[in-house]
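# Coordinates in review
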Amino acid sequence: MFKILLHKLTELDRTSKRFIMMFVDSVLVVSVLFCSFSIRLGYWYWPKDEMVWIIFGAPFIAIPVFISSRLYYSVVRYIGNQALWTMAQAATLYSIAWGLLSYMAAIGGIPGVYGIPRSVILINWMLAIIVIGGLRILARWLFTNKNLFSEEKTNVIVYGAGSAGRQLSHSLMSSGEYEHIAYIDDNLGKDRAYINNIPVFVYEKIQSIVEKNNVTEVLLALPSISRKKQYEIIEKLRPFSVHVRSLPSVSELAGGKVKIDDLLEIDVDDLLGRETVAPNEKLLQIKVTDKTVLVTGAGGSIGSELCRQILFLKPKQLILFEVSEASLYLIDQELADINTLNVEVYPVIGSVQDYKRMTKIFNYYKVQTIYHAAAYKHVPLVEYNQSQGVLNNAIGTKLAAEAAIAEKVETFVLISTDKAVRPTNTMGATKRVAELTLQALAKQTHNTCLTMVRFGNVLGSSGSVIPLFKKQIKHGGPITVTDSNIVRYFMTIPEAVELVIQAGAMGQGGDVFVLDMGSPVKIYDLAVKMIQLSGLHVMDADNPEGDIEIKYTGLRPGEKLYEELLVDTDATKTENKLIMRAKEKMIPWESLKPALEELKEESKNSNLKKIQELLVQIVPEFKLNIHSKD
């Protein structure tokens, strides 16, 4: 019954809670006065005549004082030392005011009001502080007591006994859901020390702590460490199969205290241990700042991130070009919420297969820079819809580039993929055709700088395995991996886009820029890490009692075990060490143009055999895989 009453109180709105607190404080103020007189006189005191009003009227003095001191604006379960000090000041002010008014009533000769002992005023002051403050401390304990509000508690370890760790520990105790077992810290000098009665241990003792206390979560309270250092810590925690979460960065913590809600799930980019390189601000601004910029495929994962970063580089205008109305609406609304620089943003519905629409838009807005991110990129889907993949990815890029040249757009940057290198699927082949088209057109024009940027998988995109793995773990598995030996390059979307903008600024015409993706990652290892750092175990022959099984589904149509970034091995460095300029063979426009025209017509007619033949003609290294149903 008591638990139900407490739950009902927590569900009330703030106004109702304040009125309840005022009522309780009124009762306490009157009760304290009765006790003060009784203690002073040595017997249970009951007022007579006008003294009744002196005592029962005390709340009319106390409550206004408490309100003016903002005593009723503090959240009880989070009351701290500052709030208690404010309460003591308010109780002191009330006691003085009541004493003065009572004394004035007594010397004023009000009938029935007799001389009030000065010690009563002192006793009233002390009891008011003790009772009113004590009630709030009791309420805080009741509302944060895990045993009252939850039957089960989560045993956690906080990794990091610094300032952030101590703040996090305080939040854990206030949450009522967690039991903070211990701190782990790499500083040997802190071993066996105590912080608020919670022991601190070095990492070497973590296994015994986890096993002895059934710890299921480790919370990283190290907001200032590098990604590389965080990766090393995560790797050390993997064998224990505990759920790992981390605090945000220092800049994100600057606005307030650490709370449980600030804890983030460990992202896969943290698992990769990849350190980012500070961008060249000058390169970021050259093609964007004070220019009219257009992004095709603006609602996609890459296109939308391009729009976000471009917006903060303060272009003159930003044109969102997107064929999907729903995707266009979402990115337009998102940019409206973050557009603090008041950049002019225009959402435009259009297809990259519509040459007339593009020329009209480029001309109307006087577009100066285009980032061409519009593409069909899901390998299996394009494999089953090859004609549409060709029309959108290859022919669409050709038409967009020709429209840009016709309207004298200064810069055109194609977003390409590592699947274009020695492709084994139609999607990769169409992107390779797009690259060859831009290289050939670059030799035909001097008005528009045509550039392309090639990179591998990006974390969190609609085609990435990461969202799929997270969803599969959430539903209890199994995790599906196509092959035990499949590897991929990975990079975060923001980092890839940042490098794309910088690479585009270095273009001279016909350039193929390749982003340094670091070391390739084995997809199986990625799946194992995600399972373990979710606090679960892999179910396999060695551990049949595990939680999540990893199943192999076989390579999908057009999929290969590994990806490459360079067609030829020749590449030179640039101003940014993560961006390379590739030197690759090209096809002259005179030879490529008729093949593209024929490819366009055969794709419109869905002539799959001819489409395959033409793709192989243009991209000889393309290995045929006929799985299309269109």
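Report on the accompanying structure.

What counts, and at which threshold
Residues numbered from 1 in each chain as written. Predicted model: local features only at pLDDT ≥ 70, side-chain atom pairs only at ≥ 80, totals over all residues. Heavy atoms only, no water. Helix = DSSP H or I, 4+ residues; strand = E, 2+ residues; numbered from the N terminus. Expected span 1.5 Å × (residues − 1). Buried < 20%, exposed > 50% of the residue type's maximum accessible area, 1.4 Å probe, protein only. Arc of directions from axis to C-beta. Contact = heavy atoms within 4.5 Å. Pairing = 2+ DSSP bridges. Axes fitted to C-alpha atoms, helices over the stretch in contact; angles between N-to-C directions. Phe/Tyr/Trp six-rings, centres within 6.5 Å; stacked < 30°, edge-to-face > 60°. Lys NZ or Arg CZ within 6 Å of the ring centre and 35° of its normal.

### Examining helix H15 (residues 325-338)
An ideal rise of 1.5 Å per residue puts 20 Å on 14 residues; H15 measures up with 20 Å between its terminal C-alpha atoms. Turning to H15, its buried residues are Leu-328, Ile-331, Asp-332 and Leu-335. Looking straight down H15, one finds that the buried residues subtend no more than 105° of arc, so they occupy a single side. Exposed side of H15, more than 90 degrees from the buried face: Ala-326, Tyr-329, Leu-330 and Asp-337 are the residues found there. Taken together, the buried residues of H15 touch helix H14 (301-312), strand S9 (317-322) and strand S10 (344-349).

### Brief notes about the sheet that holds strand S15 (residues 479-481)
The sheet built from three strands is open, its strands ordered S15-S21-S20 with parallel pairing. The outermost strands of the open sheet, each flanked by one partner alone, are S15 and strand S20 (538-539). Where S20 meets strand S21 (residues 548-552), two bridges bridge the pair, whose relative direction is parallel. Within the sheet, the bridge partner assigned to Val-538 lies in S21 and is Ile-548. Strands S15 and S21 of the sheet are contacted by helix H20 (residues 465-474), whose axis makes an angle of about 145° with S15.

### Structural notes on unusual backbone geometry
Despite not being glycine, Asp-290 has its phi angle at roughly 65°, a positive value. In this fold, Asp-290 is placed in the loop between helix H13 (281-286) and strand S8 (292-296). You can call Asp-290 exposed: its relative accessible area is 57%. Despite not being glycine, Lys-366 has its phi angle at roughly 55°, a positive value. By the element assignment, Lys-366 lies in the loop between helix H16 (355-365) and strand S11 (369-372).

### Considerations on the packing of aromatic side chains
Working definition: an aromatic ring pair is given by the centre-to-centre distance plus the angle between the planes. Evaluated as defined, the whole model comprises three aromatic pairs. Judged by centre distance (4.9 Å) and plane angle (90°), the ring pair of Tyr-364 and Tyr-365 falls under edge-to-face. Aromatic rings pair up to connect Tyr-346, Tyr-364 and Tyr-365 into one cluster. For Lys-236, the ring lying beneath its charged end belongs to Tyr-203, and the centroid distance is 4.2 Å.

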